Amino acid sequence: MRTKFIGAVMLLFLAAQTFAQDFQKTKLGVKANVQSMDIEVQFFSPSIVRIVKSPEESSLKKQSLSVIKSPEHTELAINEENNTVHLKSTSLQVDLNLKTGKVSFSDLQGLPFFTEKDYGTQFTVTKDADKNTYSVRQAFMLGKDEVIYGLGQQQNGKMNQRNQKIYLSNQNTKVCIPFIQSVKGYGVFWDNYSPTTFTDNKQETSFDSEIGDCSDYYFMWGGSGDGVVAQMRDLTGQAPLMPLWVYGYHQSKERYKTQDELLSVVKKYRDLKVPLDGIVQDWQYWGKDSLWNSMSFDPVTYPDPKGMVDKVHQLKAHLFIVVWPGFGPLTKQYSEFKEKNMLINFDTWPPQSGAKPYDPYNPASHAIYWDYLNKGVFSLGTDGWWLDSTEPDHINIKDKDFDQSTYLGSFRSVINAFPLEHVGGIYDSQRKTTSAKRVTIFTRSAFAGQQRYAANTWSGDVVSTWPTLQRQVPAALNFSLSGIPYWNADIGGFFAGAFNQGGSAKNPEFQELYTRWLQFAAFTPMMRSHGTDIPREIYQFGQPGDKTYDVLAKFINLRYSLLPYLYATAWNVTHHSGSIMRALFMDFEQDKQVYDIGNQYMFGKSLMVSPVTKAGQQEQAVYLPAGTLWYDFWTGKTEDGGKSITTVTPIETLPLYVKAGTILPWGPKVQFAEEKKWDNLEIRVYPGADGDFTLYEDENDNYNYEAGKYTEIPFHWDNKSRTLTIGKKKGDFAGSLVNRKFNIILVNGDKGTGAQLSKQADKVINYKGAAMAVKI
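Before going into details, it helps to say that this report is about the structure given with it. No experiment lies behind these values; they were computed from the predicted model shown.

The rules behind these values
- Residues numbered from 1 in each chain as written.
- Predicted model: local features only at pLDDT ≥ 70, side-chain atom pairs only at ≥ 80, totals over all residues.
- Heavy atoms only, no water.
- Helix = DSSP H or I, 4+ residues; strand = E, 2+ residues; numbered from the N terminus.
- Buried < 20%, exposed > 50% of the residue type's maximum accessible area, 1.4 Å probe, protein only.
- Contact = heavy atoms within 4.5 Å.
- Areas by Shrake-Rupley, 256 points an atom, 1.4 Å probe, with all protein chains shown as cover.
- Lys, Arg positive; Asp, Glu negative; His and termini not counted.
- Charge placed at Lys NZ, Arg CZ, Asp CG, Glu CD.
- Core = buried A, V, L, I, M, F, W, Y, C linked by side-chain atoms within 4.5 Å.
- Axes fitted to C-alpha atoms, helices over the stretch in contact; angles between N-to-C directions.
- Parallel < 35°, antiparallel > 145°, perpendicular 65-115°, else oblique.
- Left-handed = near helix turned anticlockwise from the far one by under 90°.
- Nonpolar A, V, L, I, M, F, W, Y, C, P; charged D, E, K, R; others polar.
- Pairing = 2+ DSSP bridges.
- Polar contact = N/O pair within 3.5 Å; in protein donor to acceptor, adjacent residues only side chain to side chain.
- Expected span 1.5 Å × (residues − 1).
- Salt bridge = Lys/Arg side-chain N within 4 Å of Asp/Glu carboxyl O.

## Regarding the overall build of the protein
Counting its secondary structure elements, the protein contains twelve helices and 46 strands. If one aligns the C-alpha atoms of the protein with their principal axes, the spans along those axes are about 105 × 70 × 50 Å. Of all 776 residues assigned to the protein, the portion counted as buried reaches 62%. Partitioning the intrachain contacts of the protein with sequence separation of at least 6 by distance along the chain shows that 70% fall at a separation of at least 24. Just so you have it, the protein exposes about 29,100 Å², and 49% of that area is on carbon and sulfur atoms. For the protein, the separation between the mean place of its 82 positive charges and that of its 83 negative charges on side chains is 3 Å.

Have a look at this one:
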């Protein structure tokens with residue numbers, strides 16, 4: 001008996017010794033083998049943790065396409081207790097269960113944030129293009145009433161993304177980003193590029209990817225909506241600043257067919273004195289479909305492309321040119337990419353053309369693509385890119401198409417990262433070519449990290465209906481909450497053929513829809529009119545004095561009045577990881593009533609917008625978040641927050657409210673963004689709370705701001721003393737204003753009529769860069 005007892009003690013001792021070696025400390029955290037899986041916990045910063053699990057240790061070395069952050073040195077306290085390894089940074093605690101492999105996250109006091117499900121990691125052996133690999137699934141547990149956002153741009157009309165099953169595979173109108181963030185203040189990025197099913201039900205929340213050698217996700221603690229977005233940008237890249245002109249108004253249609261037609265549109269806007277900064281050339285400027293995307297101009301319809309570009313510039317406008325990832329079979333690009341095995345062999349747009357997409361996953365393809373684009377288009381002096389079909393379009397679909405080889409593996413395994421790689425190649429190539437002109441892109445699809453490539457994603461070829469317009473608002477907000485700040489939509493919707501029978505642009509039903517859509521677009525990061533079936537230029541809707549025309553002109557002009565505010569907001573995006581379109585919970589997280597509001601949002605941190613998205617609507621319920629006083633932008637009337645009100649919505653207005661404490665700069669009346677310097681700005685102060693604003697200026701369209709060539713002027717309103725303090729100007733750049741005038745207006749019920757306040761300025765200040773304070 002004694003021998004058996006000693007043997008049992010020895011076995012227990014040896015088992016304990018073996019267990020003690022089941023995890024190892026690493027430079028970034030710990031690694032362990034649990035449930036036949038290699039697991040690593042890697043701290044990229046005190047607030048960002050990567051969890052990677054795989055049945056094969058080699059898969060732990062995967063290189064991310066989205067993540068560009070290098071791990072910071074992070075001080076960690078690591079200890080093991082009761083089969084659990086505890087890792088503590090200065091921001092959070094991570095627990096790894098050495099029996100089940102479950103990883104959970106909590107604050108430093110142990111209050112839970114987020115947790116995996118026990119035994120929630122699953123690998124299933126599968127075939128991918130005749131290669132043995134895995135499908136991978138990771139399950140988590142959320143709080144019963146926890147609200148989550150993100151997943152890119154889903155056209156489901158929902159703000160809260162709970163209780164859904166969504167197939168995440170990029171396609172026209174649907175942008176799929178496997179990222180969620182919670183009202184609890186954390187975010188999770190599932191780093192996988194294959195088609196993935198997101199499921200949330202009473203049992204669990206999971207990501208289930210068709211292809212994956214490992215379960216790979218990043219947990220980030222931000223403490224707030226802004227904080228989570230900031231962590232996602234830290235992880236996947238910051239958003240560069242767009243040129244000032246991009247924040248103006250842009251006209252497009254499917255399509256301008258000659259250079260004379262395109263130039264006539266710009267001239268007409270100038271004659272009408274309606275502001276315009278961008279004109280867009282859509283497809284087939286190259287000629288027949290076999291030459292699809294040749295990046296050259298048809299000499300019959302565009303006989304002088306350089307002269308066309310120069311004339312657009314003489315008219316003080318800018319030119320976007322569309323390019324695609326697919327090439328017609330008679331193009332030089334098709335031949336070169338085919339010769340170098342850089343075509344993906346499936347059919348892309350247009351049908352029956354024989355066009356094939358190139359392989360943007362191959363780094364060598366980027367220089368080839370850009371060489372043609374630079375010589376054929378950019379060297380003419382064009383200003384921006386419309387990157388269409390960046391999912392890309394896939395027609396005549398066959399299962400074997402997804403087995404097609406790319407530089408990084410099967411097309412199936414990397415399909416969702418196509419837009420990231422394509423857009424990134426063009427951005428990087430232009431940056432290498434010149435710093436004199438900021439890269440400007442709008443595109444139809446996106447993936448995590450695409451904000452670092454100056455990409456403004458539009459919502460695709462949506463249909464011109466009221467329900468579609470309604471869905472764009474929560475789609476945009478969830479997209480922004482996924483970490484990408486720049487979004488827009490075709491004003492009026494793309495497919496408008498249903499309105500052709502009623503007089504096209506003169507059809508009263510389409511005019512109402514278009515007007516409401518344009519009002520919404522005035523409060524999005526990019527304001528761009530586009531579509532097919534019905535032309536959208538403002539003069540198609542009437543002439544000055546006609547109601548629809550006048551309302552459209554009013555809101556285009558309003559957009560330009562807000563440019564100083566919008567440009568400062570954009571600088572906050574670039575410099576402080578901010579957001580332009582802001583879900584209400586980002587600014588009012590203490591008010592639970594706002595958590596699932598998807599038809600209102602903040603535009604910047606001061607203006608709350610409630611778009612009208614139903615036909616014939618003459619009044620609308622608006623919720624005013626608690627904790628602040630609100631001003632009706634149009635009347636100056638004030639309302640306390642924390643309640644719903646009903647407001648009238650004639651076609652001339654949309655519900656627009658200003659938060660108390662706002663300092664709102666009001667730009668001059670212009671025909672294009674850079675027509676006048678901001679040397680005589682109106683500064684509107686909305687009393688009722690303390691407030692701050694920083695006026696930002698730079699050289700407008702180069703990258704000198706990255707070298708510190710910009711200025712900031714801080715404003716502070718002290719509500720108690722009724723004092724506006726204008727701080728010392730910080731910084732300098734070529735052409736920076738030395739002397740300027742600020743016309744200060746204290747807004748109240750008598751002086752709140754929108755674009756034209758009814759009284760003169762309360763104070764006029766001559767500002768020369770030194771700090772000063774003014775009592776009002």
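That was the structure; now back to the text.
## Some points on the side chain of serine 169
Of note, serine 169 is situated in the loop between strand 12 (165-168) and strand 13 (175-182). Looking at serine 169, the relative accessible area reads 11%, which means it is buried. For serine 169, the residues in contact, after removing those within four places along its chain, are Lys174, Cys176, Pro195, Ile415 and Asn416.

## Here's the deal with the nonpolar core
In terms of nonpolar packing, the biggest core is built from 198 residues, with Phe189, Tyr249, Trp385, Phe523, Phe715 and Phe742 touching the most fellow members. When near neighbours in sequence (up to four residues on either side) are disregarded, tryptophan 385 contacts Phe320, Ile321, Trp370, Leu373, Val377, Phe378, Ile426, Gln430, Thr440, Ile441 and Phe442. In this structure, Phe23, Ile166, Cys176 and Trp190 belong to the second largest nonpolar core, which totals 37 residues.

## Some remarks on the packing of helix 6 (residues 363-376) against helix 8 (residues 418-433)
Axis separation between helix 6 and helix 8 bottoms out at 9 Å; the angle between their running directions is 60 degrees. Classed by the angle they form, the pair helix 6 and helix 8 counts as oblique. Handedness of the helix 6/helix 8 crossing: right-handed. Here His366, Tyr369, Trp370, Leu373 and Asn374 of helix 6 come into contact with helix 8, specifically with Glu421, His422, Gly425, Ile426, Ser429, Gln430 and Thr433. In terms of residue class, the contact of helix 6 with helix 8 is built from four nonpolar, seven polar and one charged.

## Re the sheet that holds strand 30 (residues 581-582)
Strand order across the open sheet formed by six strands is 30-31-32-37-34-35, with antiparallel pairing between neighbours. Of all the strands in the sheet, the pair left with one neighbour each is strand 30 and strand 35 (638-640). In this sheet, strand 31 (residues 601-603) lies alongside strand 30 in antiparallel orientation, the contact comprising two bridges. When the bridges of strand 31 are listed, methionine 581 appears paired with phenylalanine 603.

## Details of the environment of tyrosine 217
You can see tyrosine 217 is positioned in strand 17 (residues 215-221). Among the residues examined, tyrosine 217 registers a relative accessible area of 0% and is labelled buried.

## Focus on the side chain of threonine 406
Relative to the helices and strands, threonine 406 is located in strand 24 (residues 405-406). Of the polar contacts made by the side chain of threonine 406, one reaches the backbone oxygen of glycine 409; its length is 2.6 Å. Setting aside chain neighbours within four positions, we find threonine 406 in contact with Ile344, Asp359, Tyr361, Phe411 and Val414.

## Examining helix 9 (residues 466-481)
Taking 1.5 Å of rise per residue, 16 residues should cover 22 Å, and helix 9 covers 24 Å from first to last C-alpha, within 8% of that figure. In terms of burial, helix 9 is largely enclosed, as 13 of its 16 residues are buried. Taken from the residues just after helix 9, glycine 483 is the one with a positive phi, measuring 105 degrees.

## Here we look at the pattern of salt bridges
Side chains that carry opposite charge are capable of pairing whenever their charged atoms lie near each other. Summed over all chains, the structure comprises 34 salt bridges. In this structure, the salt-bridge partner of glutamate 204 is lysine 117, at a minimum N-O distance of 2.8 Å. Taken together, the residues span a long stretch of sequence, with glutamate 204 in the loop between strand 15 (196-200) and strand 16 (205-209) and lysine 117 in strand 9 (residues 112-128) at a distance of 87 residues. Through salt bridges that share partners, Asp388, Glu391, Asp393, Arg444 and Asp461 make up one connected network.

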